[in-house]
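Below are the chains, spelled out letter by letter.
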Amino acid sequence: MRYCISNIAWHPHEDHKIFELMLTNNVNELEIAPGKYVNLLELESDKAVAFKRQVNALGINIASLQSILFNTKNLFLFQSNESRSQLFDHMRRIIDYANIFGAHNIVFGSPTNRLIGNQDYQSCESI
């Protein structure tokens with residue numbers, strides 16, 4: 001069985017301590033909130049590569065990304081065409097980040113960004 005731990009439970013300055021604890025307990029998969037290390041509104045590939053190298057050198061793999069819409073504004077799936085277009089542009093950056101980090105999974109929790117508002121379910125289904 002493989003175990004994975006999420007970094008939303010600690011601050012980046014605690015990474016080294018937590019990574020040691022992970023490895024001591026045979027946990028070598030990490031789920032990250034990428035916004036803790038890079039700007040989600042820009043593609044900071046050099047920072048992403050540096051972080052990936054740091055954790056990979058320890059024997060830890062980045063398994064997935066989460067909190068991918070944290071601190072973003074107006075990125076709603078069902079609100080408007082403009083908002084949806086901005087969400088899709090953001091998601092393209094997240095997919096690029098996932099590729100750089102080597103993550104094979106992206107968690108799209110973000111319940112607020114999926115609210116349908118006053119639209120009917122069938123309209124949202126077609127979107």
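To start, this report covers the structure provided alongside it. (Residues numbered from 1 in each chain as written. Predicted model: local features only at pLDDT ≥ 70, side-chain atom pairs only at ≥ 80, totals over all residues. Heavy atoms only, no water.)

Describing the environment of His16
Examined against the element boundaries, His16 turns out to sit in helix H1 (residues 15-24). Each C-alpha atom of the pair His16 and Leu41 lies 26 Å from the other, and the pair is 25 residues apart in sequence. Within the structure, the side chain of His16 is placed 2.7 Å from the side chain of Glu20, a separation counted as a polar contact. (Helix = DSSP H or I, 4+ residues; strand = E, 2+ residues; numbered from the N terminus. Polar contact = N/O pair within 3.5 Å; in protein donor to acceptor, adjacent residues only side chain to side chain.)

Considerations on the pairing of strand E3 (residues 61-65)
Burial analysis of E3 places four of its five residues in the buried class, the great majority of the element. In terms of strand pairing, strand E2 (residues 29-32) meets E3 through four bridges, oriented parallel. Among the inter-strand pairings, Glu29 is bridged to a residue of E3, identified as Asn61. Regarding the hand of the β-α-β motif, the stretch spanning E2, helix H2 (residues 45-58) and E3 is right-handed. Where E3 meets strand E4 (residues 105-106), two bridges bridge the pair, whose relative direction is parallel. Bridged to Ser64 within E4 is Asn105. Note that the unit made of E3, helix H3 (residues 81-101) and E4 has a crossover that is right-handed. (Buried < 20%, exposed > 50% of the residue type's maximum accessible area, 1.4 Å probe, protein only. Pairing = 2+ DSSP bridges. Right-handed = clockwise from strand over helix to strand, strands pointing away.)

Digging into the pattern of salt bridges
As enumerated under the stated definition, the model contains three salt bridges in all. The partner of Glu44 in a salt bridge is Lys47, with the nearest N and O atoms 3.7 Å apart. Assessed through its relative accessible area of 16%, Glu44 is described here as buried. Lys47 sits in the partly exposed class, given a relative accessible area of 42%. The salt bridge partner of Asp89 is Arg92, with a shortest N-O separation of 2.8 Å. Note that Asp89 and Arg92 are positioned in helix H3 at a spacing of three residues, about one turn of the helix. (Salt bridge = Lys/Arg side-chain N within 4 Å of Asp/Glu carboxyl O.)

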